[in-house]
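Coordinates in review
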Amino acid sequence: MKLKTLAIVCAGYATGSLTLAGSAMAQTEVNFWYSGGTKPQQMMAKLIDEFNNSQDEYVIKGALQGNYKETYQKLQAGMASKTAPEFVLLNSVQAESMAGRELVRDLRPYMNASFNFEDFIPAFRQQVTYPDGTVYGLPAYGTTQVFYYNKAKLAEHGFTEADLSTWQGVAKVAAKVAEKDGKGKTSYYGWEPMWGKDNLMDAAFSNGAKVISDDGKTVLIDSPEWIEVWESFRKWIHEDKTMRIHHGGQGWEYWYKTIDDVMKGRALGYTGSSGDQGDLDFTQLAATTQPGWGAHPAAPQAGAQIFVMPTGTDEKAAKGAFEFMNFYTNALNTARWSMFTGYIPVRESVKNVDEYQTYTKKNPQALIPLKQAATASMDFLDPTNGKIMDALAIAADQVQIENIPAEKALKQAAKRAQRALDRANRS
């Protein structure tokens, strides 16, 4: 690929601003589907423009989707109708599901001698590499869910960050901090977990829980480790009313409602993405890692959002897709992405970017996701092409929204998941 001269203006570097000389005269269009919050949308659009202006062989046509679920659903339809894009940004579970059905390209043929795959952070590199060496995707950025809380409010009630180191401690803090109006309705919440299965799974893993047995034959999501955790959340949300979740709405609406509660003084804190940092005010808030459960150490999930290249697309356009993926993940751009959005950089060589090191010294909250990722559980890769995860999602809604006892919800989920696992193991 013939690169044009890049004129980098260092002023404004922390916000990722670059000025490039030249204009794109692309010959091959490369379609790309992605989703994300406000900050990721802004940076993705910037990087697409920069790439398009940096060379004259390809033009990336980015198409923003509502969220990862919508992206994945649309991709399934696109694969069936042979209208899939050359590459797409998926979460780790979705990407592995596509790879397991052999619907994505092996990226090794696109890696030339100058491409250093070994530079990717080991946990993320291993996530996209099969035992036979197949590389089914390229890590775009790392993500994990961490704690954000109001520093002054926590201190006002005589607590410190150490009191948030276990979920039992969080529950104690939440009970003390929560406020109710004259009619007994909660007006200020002690904590707001994020809607869906992920936060509940993180807490279960921090209680020593497993999804399936080590031999891959038995679903374990109705074990005491799971039930104890999920039932505790049900009580905190529906009986104690010291915690709550926002759910439903369009796209990321529920997510931003949760953030607003903390930013506008309606809740002490919430469990949210490392990528939320670009939207938060750290003069008011602080960040810390997720807690353990009792005597068990914290073990929440961490993984990468992944670029994958569907099979059946134009080969020349596919080469352009990989060129952009390489551009996007280089040390400079993974540093810029992390500084602007809060997500975890994917390259080891980010440590050689001086501006990134300066930034993290001034913004220590940016290192919390990296700290958590070092000891976190890997994202669970569902051997049933999503059936186990679907069962957990249904159970999470039953517990979080419908106030159904965790034991009942999880036992029903386990039956569905076990049938799916048995089918997968027979195939």
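Here is a short report on the structure shown in this document. None of these values were measured; they are calculated from a predicted model.

Concerning the packing of aromatic side chains
Aromatic ring pairs are defined here through the distance separating the ring centres and the angle between the ring planes. With the rule as written, the count across this model stands at 35 aromatic pairs. Geometrically, the ring pair formed by phenylalanine 32 and phenylalanine 324 is tilted, given 6.0 Å between the ring centres and 45° between the ring planes. Of this pair, phenylalanine 32 sits in strand β1 (residues 28–34) while phenylalanine 324 sits in helix α10 (residues 315–329), placing them 292 residues apart in sequence. Seen from their ring centres, tryptophan 236 and tryptophan 293 are 6.0 Å apart, and the 40° between their planes marks the pair as tilted. You can see tryptophan 236 sitting in helix α8 (residues 224–239) and its partner tryptophan 293 sitting in the loop between β8 (285–288) and β9 (301–308), a full 57 residues away along the chain. Given a relative accessible area of 3%, tryptophan 293 falls into the buried group.

Regarding the pairing of strand β2 (residues 58–64)
Direction of pairing for β1 relative to β2: parallel, over a ladder of seven bridges. Directly across from glutamate 29, in β2, lies its bridge partner valine 59. Chirality of the crossover, the property in question, places the unit of β1, helix α1 (residues 38–54) and β2 among those that are right-handed.

A short note on helix α9 (residues 253–263)
Along α9, the residues that are buried comprise Tyr254, Trp255, Thr258, Ile259, Asp261 and Val262. Each buried residue of α9 sits inside an arc of 155° when the element is viewed along its axis, so together they form one side. Those residues of α9 that are buried lie in contact with β4 (138–150), β7 (269–273) and β8. Two residues or fewer after α9 comes glycine 265, characterised by a positive phi angle close to 75°.

Describing the environment of alanine 204
Structurally, alanine 204 can be placed in helix α7 (residues 197–205). Distance in space between the C-alpha atoms of alanine 204 and alanine 113 is 43 Å, their sequence separation being 91 residues.

What to know about the pattern of salt bridges
All told, the structure shown has 16 salt bridges when counted by the stated rule. Note that arginine 336 is salt-bridged to glutamate 50, the shortest N-O span being 3.0 Å. Placement of the pair is arginine 336 in helix α11 (residues 331–341) and glutamate 50 in helix α1, with a sequence separation of 286 residues. Across the pair, glutamate 50 and arginine 336 agree in class, each one buried. Glutamate 231 is the partner of arginine 234 in a salt bridge, and the nearest nitrogen-oxygen pair spans 2.7 Å. Placement of the pair is arginine 234 and glutamate 231 together in helix α8, with a separation of three residues, close to one helical turn. Arginine 234 sits in the buried class, given a relative accessible area of 7%. Judged by its relative accessible area of 17%, glutamate 231 falls in the buried class. Salt bridges sharing common partners tie together Glu192, Arg244, Asp261 and Arg266.

Topic: the packing of α7 against helix α14 (residues 387–400)
One way to put it is that α7 packs onto α14 with a least axis distance of 9 Å and a crossing angle of 95°. Classified by the interaxial angle, the pair formed by α7 and α14 is roughly perpendicular. Contacts between α7 and α14 pair Lys197, Leu200 and Met201 from the former with Met389, Leu392, Ala393, Ala396 and Gln400 from the latter. Here the residues of the contact of α7 with α14 sort into six nonpolar, one polar and one charged.

Observations regarding the layout of surface pockets
If you add up the space inside the largest pocket, you get close to 1600 Å³. In terms of lining, the largest pocket is formed by 47 residues, of which the most central are Tyr68, Lys69, Asn91, Lys197 and Asp198. Among the elements of the structure, α2 (68–81), α3 (92–100), β4, α7, α9, β9 and α14 are those that each provide at least two residues to the lining of the largest pocket. Ranked by residues supplied to the lining of the largest pocket, first place goes to α2 with five residues. Roughly 260 Å³ of volume is contained in the second largest pocket. For the second largest pocket, the lining is made up of 15 residues, of which Asn112, Ser114, Phe322, Glu323 and Asn326 are closest to its centre. Residue contributions to the lining of the second largest pocket peak at five residues, all from α10. Its residues assigned to classes, the lining of the second largest pocket shows seven nonpolar, five polar and three charged.

Definitions and cut-offs
- Throughout this description, residue numbers start from 1 for each chain and increase along the sequence as written.
- Owing to the predicted nature of the model, reporting of local features is limited to residues with pLDDT of at least 70; listing and counting of side-chain atom pairs is limited to 80 or more, with chain, interface and lining totals taken over all residues.
- Excluding hydrogens and water, the side-chain figures rest on all heavy atoms present in the structure.
- Note on aromatic contacts: the rings of Phe and Tyr and the six-membered ring of Trp form a pair at centre separations within 6.5 Å, being stacked when their planes are under 30 degrees apart, edge-to-face when over 60 apart, and tilted otherwise.
- Think of it this way: any DSSP run of H or I at least four residues long counts as a helix, any run of E at least two long counts as a strand, and we number them from the N terminus.
- Buried residues are those whose accessible area, probed at 1.4 Å on protein chains only, stays under 20% of the maximum for their type, while exposed residues exceed 50% and partly exposed ones sit between those limits.
- Should DSSP find at least two bridges between two strands, the strands are regarded as paired.
- Viewed with both strands pointing away, a crossover whose connecting path from the first strand over the helix to the second turns clockwise is right-handed.
- Directions pointing from the helix axis toward each C-beta atom define the arc.
- Contact between two residues is taken to exist if any of their heavy atoms lie within 4.5 Å; hydrogens are not considered.
- The rule for a salt bridge is simple: a side-chain nitrogen of Lys or Arg has to be within 4 Å of a carboxyl oxygen of Asp or Glu.
- In this description, a line fitted to the C-alpha atoms serves as the axis of each element, helices being fitted only across the stretch in contact, and the angle between N-to-C directions of two axes falls anywhere from 0 to 180 degrees.
- Put simply, angles under 35 degrees are roughly parallel, angles over 145 are roughly antiparallel, angles from 65 to 115 are roughly perpendicular, and the rest are oblique.
- Each residue is assigned to one class: nonpolar for Ala, Val, Leu, Ile, Met, Phe, Trp, Tyr, Cys and Pro, charged for Asp, Glu, Lys and Arg, and polar for all the others, Gly among them.
- For each structure, a 1 Å grid was placed over the protein atoms alone; sets of points admitting a 1.4 Å probe that cannot get out are labelled cavities, open sets with protein on both sides within 12 Å along at least five of seven lines are labelled pockets, and lining residues have an atom within 4 Å of a point.
- Grid points are joined across faces, edges and corners, and a volume is the space filled by probe spheres set on the points.

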